[in-house]
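# Overview (structure and organization)
Chain residues, written in single-letter form:
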Amino acid sequence: YFVLGAIASGMLLYGMSLLYGETGSTLLSEVATGVAKAGNTPLVALAVVFIVVGFAFKVSAVPFHTWAPTGHVAAPTAASMLLAGVVMKLGAYGCLRVAMVLFPEGMGEWSNGVMEC
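Moving on, we get to the environment of asparagine 40. Structurally, asparagine 40 can be placed in the loop between helix 2 (28-38) and helix 3 (42-59). For the pair asparagine 40 and phenylalanine 103, spaced 63 residues apart in the sequence, the C-alpha separation amounts to 9.7 Å.

Now the structure itself:
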């Protein structure tokens, strides 16, 4: 789990640094405004991929979920509780929070599909 967590954190850091390079700000609201002004440039699209895949590793989404059972079984009880209670929830919250704030036009497509269910 440590290696995959490090890879996911590196992807998140790289995606966020791409957005910082594009907008020049570290505040989430200013980055969202800068991304909206920049439009769908290849750099922003690459940042979206790194951020979403990084959070997908953290939340243990379907293509990246193979570490979860092994990690929970091999870890001590306290570490498994921390993993399930904090890290996985943080990944889901971060994906929704970052994706909804930074990429609202992309989330519009997702919200339409969710509302139909």
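Where helix 3 meets helix 5 (residues 77-102), the closest approach of the two axes is 7 Å, and the angle between their N-to-C directions is 155°. In terms of axis orientation, helix 3 runs roughly antiparallel to helix 5. Classified by chirality, the crossing of helix 5 by helix 3 is left-handed. Taken together, the residues of helix 5 that come into contact with helix 3 (itself represented by Ile51, Phe55, Lys58 and Val59) are Val87, Met88, Leu90, Gly91, Ala92, Gly94, Cys95 and Val98. Broken down by class, the residue content of the contact of helix 3 with helix 5 amounts to nine nonpolar, two polar and one charged.

Attention shifts here to the environment of serine 9. Structurally, serine 9 is set in helix 1 (residues 2-23). Residue class for serine 9 comes out partly exposed when judged on its relative accessible area of 33%. Sequence separation between serine 9 and isoleucine 51 is 42 residues, and the spatial gap between their C-alpha atoms is 9.3 Å.

Below, the discussion takes up the packing of aromatic side chains. For the structure shown, the criterion picks out one aromatic pair. Ring geometry for tyrosine 14 against phenylalanine 50: centres 4.9 Å apart, planes inclined by 80°, an arrangement best described as edge-to-face. Here phenylalanine 50 lies in helix 3 and tyrosine 14 lies in helix 1, a separation of 36 residues in the sequence. A relative accessible area of 21% means that phenylalanine 50 is categorised as partly exposed.

Below, the discussion takes up the nonpolar core. The biggest cluster of nonpolar side chains holds 13 residues, and the ones touching the most others in it are Leu19, Val35, Ile51, Val98, Leu102 and Phe103. In terms of residue count, the dominant contributor to this core is helix 3 (four residues). Sequence-distant contacts of isoleucine 51, that is, excluding residues within four places in its chain, are made with Leu12, Gly15, Met16, Leu19, Val98 and Phe103.

Attention shifts here to helix 2. Looking only at helix 2, the buried set comprises Val31, Ala32, Gly34 and Val35. Viewed along the axis of helix 2, the buried residues span an arc of 165°, placing them on a single side of the element. Seen from the buried face of helix 2, the exposed residues on the opposite side, beyond 90 degrees, are Ser29, Ala36 and Lys37.

With 79% of its residues at a pLDDT of at least 70, the protein reaches an overall mean of 75. Within the protein, the lowest mean pLDDT, 53, falls on helix 6 (residues 104-116), and the highest, 84, falls on helix 1. Within the model, pLDDT remains below 50 along residues 113-117, and this stretch shows zero contacts once partners closer than five positions in the same chain are excluded.

Cut-offs used in this document
- Residues numbered from 1 in each chain as written.
- Predicted model: local features only at pLDDT ≥ 70, side-chain atom pairs only at ≥ 80, totals over all residues.
- Heavy atoms only, no water.
- Helix = DSSP H or I, 4+ residues; strand = E, 2+ residues; numbered from the N terminus.
- Axes fitted to C-alpha atoms, helices over the stretch in contact; angles between N-to-C directions.
- Parallel < 35°, antiparallel > 145°, perpendicular 65-115°, else oblique.
- Left-handed = near helix turned anticlockwise from the far one by under 90°.
- Contact = heavy atoms within 4.5 Å.
- Nonpolar A, V, L, I, M, F, W, Y, C, P; charged D, E, K, R; others polar.
- Buried < 20%, exposed > 50% of the residue type's maximum accessible area, 1.4 Å probe, protein only.
- Phe/Tyr/Trp six-rings, centres within 6.5 Å; stacked < 30°, edge-to-face > 60°.
- Core = buried A, V, L, I, M, F, W, Y, C linked by side-chain atoms within 4.5 Å.
- Arc of directions from axis to C-beta.
- pLDDT = per-residue confidence, 0-100.

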